[in-house]
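Secondary and tertiary structure notes
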Amino acid sequence: MLYIQNYIDGVLSEALTGTWLAVHEPATGNVYAQAPASAGADVDAAVDAAKRAFPAWCATEAEERSRLLRRVADMIEERLEEFAQAESRDNGKPVWLARMVDIPRAAKNFRFFATAILHTSSEAHQTDDIALNYTLQQPIGVAGCISPWNLPLYLFTWKIAPALAAGNCVVAKPSEITPYSAFLLSQVCIEAGLPQGVLNIVHGLGTDVGTAITAHPDIPAISFTGGTATGASIARTAAPMFKKLSLELGGKNPTLIFADCDFEETLVTVLRSAFSNQGEICLCGSRIFVERSLYDRFRDAFVERVRALVVGDPLDDATGQGALVSATHMEKVLSYIALAREEGGTVLCGGERIQLTGRCEDGWFVSPAVIEGLPFTCRTNQEEIFGPVVTLTPFDTEDELLAMANSTSYGLAASVWTSDLRRAHRVAAALHMGIVWVNCWMLRDLRTPFGGVKQSGVGREGGWEALRFFTEAKNVCIKL
Ligand code: NAD
């Protein structure tokens, strides 16, 4: 049994409560680790440590902060295989995916923000010949970072790295469902020589640790990624305390396929955008709209490829789709398949629990599902499922397509498939989303703003947006 520990004031420790939470391996259904079931007192200790560390950390030269954070990046890469195995075991994702995407990206997050702070400049405004204004971007103090289970280390570091790079100290909470890679990160930070208290990682339930971070009076900024309902609850606590808030929430992303698309390229990438990481990526395209003249051809080819996706042991390199993250989540996904049938949909393939043999016989596997024949207004097409389930819907006109694509309460991301450049620009501008990909999906440049509109969130991560979020702008006006 692996015992995961908190990382508070530079030291690995158990929760002050002395209690533990079971951590499951989704591929087997077994408990393989225990994580600290921390509570408010652990968060208090972490905040105290962060407050003590802040004056020295924010005064540390950018070159030195950068060196330390790049050291963390290097050490994640040195332990790539160990991190990838941990992430796959904890989350159920194929180990090759963690090795190729999640872990390299976590290292890149550190390196990106560690180098960004060497290239910042501040604004200056000259008021005729009367005064000169310049803007200082100063760190906030202690930042709270709360992240979900779907891309555990990738999203955890996407918050922590800019917060630390900008000169803040951090109290962070990974998901209690996937705490393992955050624990490995603690070890790396100790070995890399990060000063004690600069980063503190507190494990535990959202309702204990997450709420304590959100409500703590000495944490003036909260960066959260997770579900929309949780985001709303955090906002209710944080708003009257006037905290800075960055909320990256749910999505129900449309994929818009026009008849003039590059058929093969579209097919390959839309398959990936639908089912990567078992469909458990906030950016996955789960509502696929296809121009009517292409609909039958696309549907038949797509279903054939989906049927060929191998659902299997995450440790096997041939596996295309691993296990869903928890038994509860699997039940939720299966309940949406049942709902789709009730709503009149036809399940063209998948949507069943799969019983593997051997090591994974009790794992939480669901075959990827493609459903057609549903109105765009039904619950299956409006609510976030966050699993390997997509719907296919034909369209006739661009106006009808946009009305359907924009019809949900979410507005995170979309992908548009066409060879008509003018249409691509027009449709991209008309989509109510924070992110639009044209003829690609999840092609990420870390300098670009990342986030959603409507119930997909508030604020943007990435690039200067993140560094601005983790600093306060102060104007200094000097009379000439
Ligand atoms: P969740 O909201 O249940 O949990 C996210 C984190 O918040 C966890 O660490 C959890 O312990 C904590 N938490 C739970 N209740 C809390 C509370 N009351 N106060 C403070 N913290 C609390 O989400 P999840 O199930 O872990 O993740 C799936 C969701 O995340 C999906 O809705 C998905 O779309 C979303 N997501 C969004 C993005 C994005 O960038 N927009 C990225 C990934 C995932």
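Note that the structure is a prediction, hence the values are computed from the model and not measured.

The next thing to look at is empty space enclosed by the protein. Throughout the structure, instances matching the rule amount to three cavities of 30 Å³ or more. For the largest cavity, the calculated volume is near 120 Å³. For the lining of the largest cavity, the residue count by class is eight nonpolar, five polar and two charged. Here the second largest cavity defines a volume of roughly 40 Å³. Along the walls of the second largest cavity sit Trp 158, Pro 162, Ser 223, Ser 246, Arg 460, Glu 461, Ala 466, Phe 469 and Phe 470, which together make up its complete lining. Every element with two or more residues in the lining of the second largest cavity is listed here: helix H5 (152-165) and helix H15 (463-469). For the lining of the second largest cavity, a count of residues per class yields five nonpolar, two polar and two charged.

Scanning all chains against the criterion turns up 25 salt bridges. With a shortest N-O distance of 2.8 Å, Asp 260 and Arg 423 are connected by a salt bridge. Here the residue Asp 260 occupies a position in the loop between strand S13 (253-257) and helix H9 (263-275), and Arg 423 occupies one in helix H14 (residues 421-430), the gap between them amounting to 163 residues. In this structure Arg 423 comes out as buried when scored by relative accessible area, which is 14%. In this structure, Arg 299 and Asp 300 form a salt bridge, with 3.1 Å as the shortest nitrogen-oxygen distance.

Read across the sheet, three strands follow the order S6-S7-S25 without closing on themselves; strand pairing throughout is antiparallel. The sheet is open, and its two edges are formed by strand S6 (124-127) and strand S25 (471-479), each paired on a single side. Between one strand axis and the next, the sheet turns by 20° as a mean value, whatever way the strands run. Relative to strand S7 (residues 131-139), S6 runs antiparallel, the two sharing four bridges. Paired with Gln 126 across the two strands is Leu 132, which belongs to S7.

Looking now at helix H8 (residues 228-238). Taken together, the buried positions of H8 are occupied by Thr 228, Gly 231, Ile 234 and Ala 238. Within H8, the buried residues cover an arc of 115° as seen down the axis, which keeps them to one side. Turned more than 90 degrees from where H8 packs its buried face, Ala 229 and Arg 236 sit exposed. Check the buried side of H8 and you find it contacts strand S8 (142-146), helix H7 (206-215), strand S11 (221-225), strand S12 (244-248) and strand S20 (410-411).

Close contacts around the ligand come from 30 residues, with Ser 147, Glu 176, Thr 230, Leu 249 and Glu 384 the closest. In the environment of the ligand, an oxygen atom lies 2.6 Å from a nitrogen or oxygen atom belonging to the side chain of Thr 230. In the environment of the ligand, a nitrogen atom lies 2.7 Å from a nitrogen or oxygen atom belonging to the backbone of Leu 249. Contact with the protein chains hides 88% of the accessible area of the ligand, taken as 850 Å² for the molecule alone. Secondary-structure elements contributing two or more residues to the shell around the ligand are H7, S11 and H8. Looking at which element gives the most residues to the shell around the ligand, the answer is H7, with four residues. For the shell around the ligand, the residue count by class is 12 nonpolar, 14 polar and four charged. Mapping the shell around the ligand onto the domain boundaries places at least three of its residues in each of domain 1 (2-249 + 456-479) and domain 2 (253-445).

Another point: the layout of surface pockets. Estimated volume of the largest pocket: approximately 970 Å³. Those elements that provide at least two residues to the lining of the largest pocket are H5, H7, S11, H8 and helix H11 (327-342). Here the lining of the largest pocket gets six residues from one element, more than from any other, and that element is H8. Looking at the lining of the largest pocket, its residues break down into 21 nonpolar, 19 polar and eight charged. Counting the residues that make up the lining of the largest pocket, at least three belong to each of domain 1 (2-249 + 456-479) and domain 2 (253-445).

A word on H11. Taking 1.5 Å per residue as the helical rise, H11 with its 16 residues ought to reach 22 Å, and the 23 Å between its terminal C-alpha atoms agrees with that figure. Among all positions of H11, only His 329, Met 330, Val 333, Leu 334, Tyr 336, Ile 337, Leu 339 and Ala 340 are buried. Buried positions along H11 lie against strand S15 (346-349), strand S16 (353-354), strand S17 (365-366), strand S18 (369-372), helix H12 (379-382) and strand S19 (389-395). Note on H11: the residue one or two positions beyond its end, Gly 344, has a positive phi of about 100°.

Strand order in the open sheet made by the seven strands is S15-S18-S19-S14-S13-S21-S22, with mixed pairing throughout. Where the open sheet ends on each side, the last strands, each with one partner, are S15 and strand S22 (435-438). When the angles between neighbouring strand axes are averaged without regard to direction, this sheet yields 25°. For S15 and S18, the ladder comprises three bridges, and the chain directions are antiparallel. Across the sheet, residue Val 347 finds its bridge partner in S18, namely Ile 371.

Below, the discussion takes up the side chain of Gln 34. With respect to the helices and strands, Gln 34 occurs in strand S5 (residues 30-36). Residue class for Gln 34 comes out buried when judged on its relative accessible area of 18%. The contact partners of Gln 34, leaving out residues within four places of it in the chain, are Met 1, Leu 2, Tyr 3, Ile 4, Trp 20, Leu 21, Ala 22 and Val 23.

Turning our eyes to something else, we now look at the side chain of His 329. Summarising the element assignment, His 329 is placed in helix H11. His 329 gets classed as buried once you look at its relative accessible area, which sits at 8%.

In this section: the environment of Ala 46. Its location among the elements puts Ala 46 in helix H1 (residues 40-59). According to the relative accessible area criterion, Ala 46 is buried, its value standing at 0%. Separated by 153 residues in sequence, Ala 46 and Leu 199 place their C-alpha atoms 8.7 Å apart.

About the thresholds
- Residues numbered from 1 in each chain as written.
- Predicted model: local features only at pLDDT ≥ 70, side-chain atom pairs only at ≥ 80, totals over all residues.
- Heavy atoms only, no water.
- 1 Å grid on protein atoms, 1.4 Å probe; cavity = no way out; pocket = protein on both sides within 12 Å on 5 of 7 lines; lining within 4 Å.
- Points joined across faces, edges and corners; volume = space filled by probe spheres on them.
- Nonpolar A, V, L, I, M, F, W, Y, C, P; charged D, E, K, R; others polar.
- Helix = DSSP H or I, 4+ residues; strand = E, 2+ residues; numbered from the N terminus.
- Salt bridge = Lys/Arg side-chain N within 4 Å of Asp/Glu carboxyl O.
- Buried < 20%, exposed > 50% of the residue type's maximum accessible area, 1.4 Å probe, protein only.
- Pairing = 2+ DSSP bridges.
- Axes fitted to C-alpha atoms, helices over the stretch in contact; angles between N-to-C directions.
- Arc of directions from axis to C-beta.
- Contact = heavy atoms within 4.5 Å.
- Near = heavy atom within 4 Å.
- Polar contact = N/O pair within 3.5 Å; in protein donor to acceptor, adjacent residues only side chain to side chain.
- Areas by Shrake-Rupley, 256 points an atom, 1.4 Å probe, with all protein chains shown as cover.
- Domains from an automatic or database assignment.
- Expected span 1.5 Å × (residues − 1).

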